[in-house]
Amino acid sequence: MRLTALPLVLIALAACCGTASGATADPVPHGKLPRWAVPESYRLSFKVDPRQQDFTGTTRIRVDLRQPSDHLWLHGHDLDVTRVAVTDAAGTTHAARYVEVAPKEGVVRVDFSGTLKPQQLTLTFDYTAPLNLQLQGLYKVSHAGVPYAMTQMEPISARYAFPGFDEPDFKTPFELSLTIPDDQKAVANTRQVREAPAGNGWKTLDFATTRPLPTYLVAFAVGPWDIVAGPDIPPDAYRTSPLRLRGIAARGEGHRMRHVLSETPGIIRALEDYYGFGYPWDKLDLLAAPDFAAGAMENAGLVTFRDWLLLLDPDSPAQYVRGSFNVNAHELAHQWTGDTVTTAWWNDIWLNEAFAEWMQQKLAMKLHPEYRADLDRVRGAHIAMENDSLVTARKVRQPISGNGDIATAFDAITYKKGASVLGMFEAYVGEKTFQQGMRRYIREHRFATATADDLVDAIAAAAGKGGDFKRAFKSFLDQPGVPYVQTRVLRKDGQTVLELRQRRYLPVGSKGSADHVWGVPVCVRYAAAEGSRVQCGLLAKAQGTLALPGARANAWVMPNANGSGYYRFGMGRDALARLAEQISHLTAAEQLAYADAADASFHRGDIHAGELLAALKPLTASRVREVATAPIASFQWIGRYLARTDAQRNVLDAWARTAYLPRMALLGYHRKTGEPADDALLRSTLAEFLALDVKLPQVRAELLKQGEAALERKADGRLDLGAADPDLLDTALAVAVQSRGKRAVDALIAELPRTSDPALRNAILAGLAAVEDPALAEQVRDFALDKQVKVGEMAALLRGSRDTRARRDAMWKWAVAHYDRILMRTGSFAGGRLPALMGGGGCSQQEADRLHAFFRTRAREVPGAERGLAQTVEATRLCAALKARQDPEAILH
């Protein structure tokens with residue numbers, strides 16, 4: 001180190017960059033950037049070697065300066081900017097400074113050397129930055145010990161990769177140039193158009209200019225990738241050129257992309273047919289990421305996935321094969337809703353995500369009807385309702401007050417509630433009418449942005465609906481909560497009518513107000529002379545009636561026909577009993593709605609545990625997997641939090657044994673040639689439930705045989721993980737860990753770093769997470785922080801071993817002691833889940849209080865953690881309130 005050089009360095013830095021001293025008069029934009037400086041195009045140049053720790057970049061942004069100013073605002077995070085230049089419309093270059101005014105948020109001010117009049121400017125930044133280790137921005141991952149670099153920009157991580165205007169409504173074209181080592185390959189949003197030597201073992205790749213994109217959809221990846229050509233998708237009525245399709249995987253894994261590449265053309269054609277608009281980008285690459293924060297990302301032309309969703313073999317678990325189609329369909333739907341038409345601001349991210357979820361289900365219904373995506377939508381709504389029952393639940397259109405609100409917007413409310421609300425109003429206006437509205441929406445806003453008003457207006461126009469319809473639709477977007485529709489059958493003026501009263505659904509212990517009103521499209525199935533009828537109406541006030549023409553005397557009523565409504569229903573005990581007697585006459589979706597209604601009544605304190613189990617028992621005989629397994633979640637709550645005595649546990653064991661053990665025996669513990677995938681999925685669900693929750697000895701014995709066989713070493717010293725049924729491997733390893741203790745734990749910990757197959761890694765993680773011995777649980781938690789566990793895998797290990805208060809206490813003590821290390825491995829996008837990761841699953845006031853006390857000040861330092869804390873604390877207190885209300889002895893009755 002030569003100290004005499006330091007003053008010269010400081011002088012040079014002062015010319016380009018600095019801290020927040022000398023700020024101009026206007027306030028720091030902690031929300032949206034001001035709109036008087038608007039980007040018009042970018043040219044991005046990167047020099048990247050995944051084997052290094054840092055990368056370098058040059059960013060040029062053409063900006064429309066719309067008012068006189070001596071500065072402008074943009075975003076940048078962890079960028080070491082060494083030079084900034086501002087070139088005016090006349091071609092004169094001006095000195096400028098890069099000032100980090102809000103480093104934690106990534107807000108930057110660029111100071112000019114003087115005031116510039118409104119004009120076109122070009123900003124140029126030279127910088128160096130680290131390859132991120134938290135799966136955001138331009139980040140580094142490894143597969144089989146080989147490093148790769150790739151991007152994840154959504155929601156606000158583009159600022160880690162390049163300086164820019166990192167907000168969704170700033171859509172511009174991007175030019176991209178990558179300088180990489182000669183032995184590496186690169187892919188990006190668009191086709192590569194040229195390659196040139198760059199000297200000293202480097203080459204430069206240029207890619208075609210994109211159509212307008214927001215920063216969060218910019219994507220590229222560098223590494224020794226396998227690039228597999230898929231079938232070109234032929235032209236059609238909406239697209240004049242063949243679409244090039246490829247699979248991108250880590251070296252040696254490309255051959256496992258064939259299944260997803262074979263499924264993709266059908267998805268693209270179905271989407272083009274629905275929207276009447278051709279696939280909008282110049283190619284389609286599907287990339288299996290060695291490590292990834294989310295499930296997948298819809299980058300235009302370069303869609304990235306968790307690797308296990310794409311890398312499939314003939315013996316891959318059935319849940320992975322089905323998950324591959326569903327997630328691929330979701331991300332490809334985004335190429336229209338999200339990429340072609342982009343949300344104008346993060347409060348409307350549901351326009352991207354809810355539509356992709358809803359369309360994914362429509363695609364599955366069309367291309368794989370055996371997947372029963374119609375039931376997935378109903379189940380998804382019920383998952384959303386659990387969160388939506390909290391007072392701290394988000395609105396679908398939640399106002400954004402900071403980066404934390406952006407990070408927590410990607411939740412079940414956005415995805416599953418949003419998709420359910422879309423499906424409900426689609427059913428109300430009719431599928432064809434809804435499609436006409438969607439086509440209009442895409443056509444009018446293509447390659448631009450849109451808001452919820454734009455969407456609702458397009459659907460209303462197609463349906464010929466006015467203000468009442470729009471208000472009803474928006475009532476589900478602009479307020480949180482689940483409508484609770486209470487029903488009663490009456491005779492009025494010689495007619496049978498259904499009296500309806502709505503309020504917000506609130507569970508026992510909630511401190512919220514029930515005085516909410518929605519515009520609820522209510523559809524009712526009821527007994528009539530010819531069997532059953534369906535009658536619909538819009539309940540837009542706190543109470544109303546619905547005529548039931550042709551209803552039989554003492555007619556049974558299903559208040560949510562086809563399960564298509566986003567609401568819960570209540571009815572008197574006699575009416576509920578009549579409905580229970582008709583379970584076999586209801587559709588599968590209605591049976592799921594019935595199961596949710598029974599569970600919701602239990603959580604309101606209206607029925608006790610014995611009544612809930614009795615109401616749900618008939619569903620277990622269903623031949624439809626989703627219906628047969630619907631009671632399991634209710635059973636798990638009762639078993640985990642309510643049962644205290646051996647007598648109570650014996651009753652629960654008998655209930656589970658009679659409900660599910662005969663089906664398990666019929667399915668067996670190994671795949672059968674030619675069996676439906678649903679059998680494999682049901683086998684997996686029942687084996688896990690009966691072995692790990694109920695702990696039936698005969699089921700555990702069968703799985704232990706497979707677990708022990710998997711732990712045997714082959715000639716090469718590796719574990720023989722293929723010895724177990726692939727759909728049961730995770731549960732078999734879990735039983736082995738619980739039964740064989742340290743020998744199994746040590747073997748799996750040693751095997752994980754030697755295993756690159758993502759499905760096998762997931763099974764190992766699941767086995768380790770099931771550990772029950774306190775000392776071994778501590779060993780597994782310590783291993784979760786080891787670099788041999790990928791960043792995206794850490795949570796899988798830490799979420800386990802918390803089904804009793806003693807285990808939750810041990811997890812909490814460990815998490816508090818290791819908080820800083822956990823935080824280091826938690827990306828900003830995952831901050832909202834941090835409180836639940838550390839202290840979720842609790843069911844006492846003391847657990848809620850300690851969580852709140854620990855995070856009271858820390859949550860402000862982690863984007864999204866404040867909402868995550870509020871929701872986890874509330875859920876814990878509600879669990880405690882329900883536990884206090886319910887009598888465990890009622891299990892016996």
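Up top is the structure these notes are about.
Position numbers for residues count from 1 along each chain, tracking the sequence in the order it is written. Local features in this predicted model are restricted to residues whose pLDDT is 70 or higher, and side-chain atom pairs enter the listing and the counts only when it is 80 or higher, whereas totals over whole chains, interfaces and linings include all residues. Values shown for side chains rest on all heavy atoms present in the structure; no hydrogens or waters enter the calculation.

Caption draft 1: Representation of the overall build of the chain in the model. Each helix is a run of DSSP H or I of at least 4 residues and each strand a run of E of at least 2, with the numbering of both proceeding from the N terminus. Helix and strand content of the chain: 28 helices and 29 strands. Two things to know: the radius of gyration comes from C-alpha atoms, and the globule rule equals 2.2 Å times the number of residues to the power 0.38. Rg of the C-alpha trace for the chain: 28 Å, near the compact-globule value of 29 Å for 893 residues, within the 12% margin. Considered along the principal axes of its C-alpha atoms, the chain spans approximately 90 × 70 × 55 Å. Relative accessibility under 20% of the residue-type maximum defines a buried residue, over 50% an exposed one, and the middle range a partly exposed one, all with a 1.4 Å probe and only protein chains included. Expressed as a percentage of the 893 residues in the chain, the buried residues total 59%. Between two residues, a contact is recorded if the distance between any of their heavy atoms is within 4.5 Å. Long-range contacts, defined as pairs at least 24 residues apart, comprise 72% of the intrachain contacts of the chain with a sequence gap of at least 6. Surface accessibility in these figures is a Shrake-Rupley result with a 1.4 Å probe; residues are shielded only by whichever protein chains are displayed. Total accessible area on the chain is roughly 34000 Å²; 51% of this is exposed by carbon and sulfur atoms. Charged residues are defined narrowly, with Lys and Arg counted positive, Asp and Glu counted negative, and His plus the chain ends left uncounted. The atoms used to mark charge sites are NZ of Lys, CZ of Arg, CG of Asp and CD of Glu. Of the charged side chains in the chain, 108 are positive and 102 negative, and the gap between their average positions amounts to 2 Å.

Caption draft 2: The nonpolar core, seen in detail. For our purposes a nonpolar core is just a set of buried Ala, Val, Leu, Ile, Met, Phe, Trp, Tyr and Cys residues, chained together by side-chain atoms within 4.5 Å. Counting 283 residues, the largest nonpolar core has Phe 162, Leu 286 and Trp 350 as the members making the most contacts within it. No other element matches helix 12 (residues 588-604), which puts ten residues into this core. Residues in contact with Phe 162, not counting those within four places in the same chain, are Tyr 42, Leu 44, Phe 46, Thr 59, His 75, Leu 79, Tyr 127, Met 153, Phe 174, Thr 215 and Val 218.

Caption draft 3: Representation of the packing of helix 27 (residues 845-858) against helix 28 (residues 865-885). Note on geometry: axes are C-alpha line fits, over the in-contact stretch for helices, and angles between N-to-C directions span 0 to 180 degrees. Where helix 27 contacts helix 28, the two axes come as close as 8 Å, and the packing angle between them is 165°. For the element pair helix 27 / helix 28, the angle class is roughly antiparallel. Crossing angle aside, the handedness with which helix 27 passes helix 28 is left-handed. Taking contact as the criterion, the partners of Gln 845, Glu 847, Ala 848, Asp 849, Leu 851, His 852, Phe 855 and Arg 856 in helix 27 are, on helix 28, Leu 869, Thr 872, Val 873, Thr 876, Arg 877 and Ala 880. The residue classification treats Ala, Val, Leu, Ile, Met, Phe, Trp, Tyr, Cys and Pro as nonpolar and Asp, Glu, Lys and Arg as charged. All others, Gly included, are polar. Residues that form the contact of helix 27 with helix 28 fall into these classes: six nonpolar, four polar and four charged. For classification purposes, angles smaller than 35 degrees are called roughly parallel, those larger than 145 roughly antiparallel, those between 65 and 115 roughly perpendicular, and all remaining angles oblique. Note on convention: the crossing is left-handed when the near helix lies turned anticlockwise from the far helix by less than a right angle, right-handed when the turn is clockwise.

Caption draft 4: Region of the structure containing the sheet that holds strand 28 (residues 557-558). With antiparallel pairing, three strands are arranged side by side in an open sheet as 26-25-28. Two strands lie at the open edges of the sheet, namely strand 26 (531-539) and strand 28, each paired on one side alone. Each pair of strands is called paired provided DSSP finds at least two bridges between the two strands.

Caption draft 5: Local environment of helix 10 (residues 467-475). Among the residues making up helix 10, those that are buried are Phe 469, Ala 472, Phe 473 and Ser 475. Across the axial projection of helix 10, the buried residues extend over an arc of 160°, all falling on one side. On its buried face, helix 10 is in contact with helix 4 (350-367), helix 7 (412-429), helix 9 (452-463) and strand 26. Throughout, the arc means that of the directions going from the helix axis to the C-beta atoms.

Caption draft 6: Examining the state of the cysteines more closely. Cysteine sulfur atoms are paired as a disulfide whenever they come within 2.5 Å of each other. Scanning the model with the defined rule gives two disulfides in all. Here Cys 523 engages in a disulfide with Cys 536; their sulfurs sit 2.1 Å apart. Every disulfide takes its handedness from the sign of the S-S torsion; for Cys 523 and Cys 536 that torsion is 110°, giving right-handed. One end of the pair, Cys 523, is in strand 25 (residues 520-528); the other, Cys 536, is in strand 26, and 13 residues separate them in sequence. Between Cys 843 and Cys 879 runs a disulfide, and the two sulfur atoms are separated by 2.0 Å.

Caption draft 7: How the structure looks around the packing of aromatic side chains. Pairing of aromatic rings covers Phe, Tyr and Trp, the last counted by its six-membered ring, and requires centre-to-centre distances within 6.5 Å; plane angles under 30 degrees mean stacked, over 60 mean edge-to-face, and any other angle means tilted. As enumerated under the stated definition, the model contains 41 aromatic pairs in all. Geometrically, the ring pair formed by Phe 55 and Tyr 127 is edge-to-face, given 6.3 Å between the ring centres and 85° between the ring planes. Linking Phe 55 in strand 3 (residues 54-65) with Tyr 127 in strand 8 (residues 119-130), this pair joins segments that are 72 residues apart in sequence. The two residues Phe 55 and Tyr 127 agree in class, both being buried. Both rings, one in Tyr 279 and one in Trp 336, keep their centres 6.1 Å apart while their planes meet at 70°; by these two values the pair is edge-to-face. Taken as a pair, Tyr 279 in the loop between helix 2 (258-275) and strand 18 (284-289) and Trp 336 in the loop between helix 3 (318-333) and strand 21 (341-343) lie far apart in primary sequence, 57 residues in all. Three or more aromatic residues link up through ring pairs in this structure, and these residues are Tyr 274, Tyr 275, Tyr 279, Trp 336, Trp 350, Phe 355, Trp 358, Phe 434 and Tyr 441. Counted as over-ring charges are cases with an Arg CZ or a Lys NZ within 6 Å of the ring centre that also lie within 35 degrees of the ring normal. The ring of Tyr 819 carries Arg 858 above its face, with NZ or CZ at 5.8 Å from the centroid. Cation over ring: Arg 858 sits above Phe 854, and NZ or CZ is 3.8 Å from the ring centre.

Caption draft 8: Region of the structure containing the pattern of salt bridges. Basic side-chain nitrogens of Lys or Arg form a salt bridge, by our definition, when they fall within 4 Å of a carboxyl oxygen of Asp or Glu. Enumeration over the complete set of coordinates arrives at 61 salt bridges. Of the charged contacts in the structure, one is a salt bridge between Asp 376 and Arg 379, with a shortest N-O distance of 3.1 Å. Of the two residues, Asp 376 and Arg 379 both sit in helix 5 (residues 373-388), three residues apart, roughly one turn of that helix. Within this structure, Arg 805, Arg 808, Asp 809, Glu 847 and Arg 850 form a network of salt bridges that share partners.

Caption draft 9: Quick look at the environment of Gln 436. One can find Gln 436 in helix 8 (residues 431-445). Take Gln 436: its relative accessible area is 48%, and that puts it in the partly exposed class. Through-space distance from the C-alpha of Gln 436 to that of Leu 711 is 56 Å; in sequence the pair is 275 residues apart.

Caption draft 10: Focus on unusual backbone geometry. Along the chain, Glu 154 connects to Pro 155 via a cis peptide bond; the corresponding omega equals 0°. One can find Pro 155 in the loop between strand 10 (146-152) and strand 11 (174-181). Its identity as a non-glycine residue notwithstanding, Asp 78 has a phi of 60°, on the positive side. The residue Asp 78 is located in the loop between strand 4 (69-75) and strand 5 (80-87) in this model. One non-glycine residue, Lys 695, lies in the positive phi region at around 60°. For Lys 695, the location among the structural elements is in the loop between helix 17 (677-693) and helix 18 (697-711).

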